[in-house]
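# A look at the structure
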Amino acid sequence: MNWEQLLSLRRKGDVNKRIRNEQNETRLGFDVDYDRIIFSAAFRSLQDKTQVIPLSKTDFVHTRLTHSLEVSVVGRSLGRLAGQKILERHPHLKEIHGYKFNDFGAIVAAAALAHDIGNPPFGHSGEKAIGEYFKNGKGAVFREHLTPKEYQDIIDFEGNANGFKLLTQDRAGVSGGLRLSYATLGAFMKYPKESLPKRPTKHISDKKFGFFQSEKAAFADIAQDLGLIRTRTGEDLTFARHPLTYLVEAADDICYTIIDFEDGINLGLISEDYALEYLIKLVKDSINTKKYNTLAYREDRISYLRALAINTLIQDAVSIFMDNEENILNGTFEVSLLDKSKYDAQVRDIISLSVERVYKANEVIEKEIAGYKIIADILEVYTDALVQKKHNTATNYHHLILQTLPEFYRRTDLSLYEILLNACCFVASLSDSSAVHIHNKITGKQL
């Protein structure tokens, strides 16, 4: 892979190539990507979606929205720092094509901003709940009517693939979704493969999948334009990652490692005594002990340590990226950047503590259990109504139910796969509170 091709400014529908030297510096194409994401309805819904604690009543606990904004900020720093070093190593990118280090920061920031845009309500358990309905619930009856890959898309419903769908899908009068640059879409794609074969290698890009069958052609077009390396022959589409994806992933890893830990302390689920103990190796070279000791309030002490720890991991991630640039460009770098970090042991210890004290807290587990029931009930009602309408057997009740669906999701002049996938994507679009509200309505618990 080569950087000039990977930094493509092309958008769907473009006839001519967009040249970096011809860009308006006051509003670069990659900056436009960021703006389009942040003004989208899908991004707004993240303000009421779970990051760790579902339906939390505590103001300082992170939602998907605040998490995404923070990941974007960290991603921008990672991109700019890496961009400076890449331009030093490949000066023709600047001297001939006009690329600047801020371009890398803008791409990573936009992709990082969108990295959770396709996630369902109730955190990662929401993905599992959608898949479970079609694998072991009443939705399993549809298996014999779908191809293996179509069925796998649904039983392994993936927020990353739904995110790609939201960013790229055509709507009436709107071709190409948000029409983001191909560089940003490439950097967004953590898992550039389809749902089958499942986990064919130990390469990190094969861990999950990144696009549904409905977006297979769209992704193939983007991959070809960017010059992504095809890693498997035959009909199965599998590519090496866009190099900047590693920075997007690192931004996410850094934020959820450190900030979920911070949330756990602020919630009282983790003792503050653990803060300095677990973060000391990350902050020992930068901490101002005198300043730290003057901080009277717990939130200020934790915030100070968090900022130092994040900065340490940013610097380390950029160093790992540049040390492995050749392998990354060749598609042979098989792990995340933090997996190669000299602070790997500390990161793993922090995550283990967060899993034990935060992710497995009763408040989290109880609401995840409720989320399974809520999602299953919503899917049952809407898939039944949509399928009955497709078969011209819909009752008045089914027609009433469909009137509560957003118009985009009501279409039944589609294949069964597309109808079922749309139902899944509708559920995934709901915020936690909206899902609870709709469930109360359709079950008659609330008028």
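Definitions and limits used
Residues numbered from 1 in each chain as written. Predicted model: local features only at pLDDT ≥ 70, side-chain atom pairs only at ≥ 80, totals over all residues. Heavy atoms only, no water. Phe/Tyr/Trp six-rings, centres within 6.5 Å; stacked < 30°, edge-to-face > 60°. Lys NZ or Arg CZ within 6 Å of the ring centre and 35° of its normal. Buried < 20%, exposed > 50% of the residue type's maximum accessible area, 1.4 Å probe, protein only. Helix = DSSP H or I, 4+ residues; strand = E, 2+ residues; numbered from the N terminus. Arc of directions from axis to C-beta. Contact = heavy atoms within 4.5 Å. Salt bridge = Lys/Arg side-chain N within 4 Å of Asp/Glu carboxyl O.

The protein chain has the name DNTP triphosphohydrolase in an unreviewed UniProt entry, where Maribacter algicola is given as its organism.

Within this structure, the stated rule accounts for 15 aromatic pairs. Between Y133 and F134, the aromatic rings sit 5.0 Å apart at their centres with planes inclined by 85 degrees, giving edge-to-face as the arrangement. Joined through ring pairs, the aromatic side chains of F164, F211, F219 and F239 make up one cluster. In this structure, R171 packs its charged tip against the face of F408, placed 4.2 Å from the ring centre. Here R241 stacks its cationic end above the ring of Y246, 4.9 Å away from the centre of that ring.

With that settled, consider helix α2 (residues 29-38). Buried within α2 are the following residues: G29, F30, V32, D33 and I37. Along the axis of α2, the buried residues cluster in a sector spanning 150 degrees; they form a single face. On its buried face, α2 is in contact with α3 (41-44), α6 (101-113) and α10 (182-188).

Turning our eyes to something else, we now look at unusual backbone geometry. Here the residue pair L196 and P197 is connected by a cis peptide bond, since its omega of 0 degrees sits within 30 degrees of zero. Mapped onto the secondary structure, P197 falls in the loop between α10 and α11 (216-226). A positive phi angle is found at R199, which is not glycine, with a value near 45 degrees. Position of R199 relative to the elements: it lies in the loop between α10 and α11. Phi at N392 takes a positive value of approximately 60 degrees, unusual for a residue other than glycine. Residue N392 is classed as exposed on the basis of its relative accessible area, which comes to 73%.

Before going further, it helps to examine the environment of G13. Mapped onto the elements of the fold, G13 is located in the loop between α1 (3-6) and α2. Accessibility expressed as a relative area gives 61% for G13, which makes it exposed. In the structure, G13 is positioned 166 residues away from R179 in sequence and 8.5 Å away in space, judged by C-alpha atoms.

Scanning all chains against the criterion turns up 30 salt bridges. Where R27 meets D35, a salt bridge forms, and the shortest distance between an N and an O atom there is 3.0 Å. You can call D35 partly exposed: its relative accessible area is 24%. The residue R357 makes a salt bridge to E356 at a minimum N-O spacing of 3.5 Å.

Time to look at the side chain of N119. Looking at the element boundaries, N119 is found in the loop between α6 and α7 (124-135). Judged by its relative accessible area of 4%, N119 falls in the buried class. If we skip the residues at most four places from it in the chain, N119 touches K49, R64, H124, G159 and A428.

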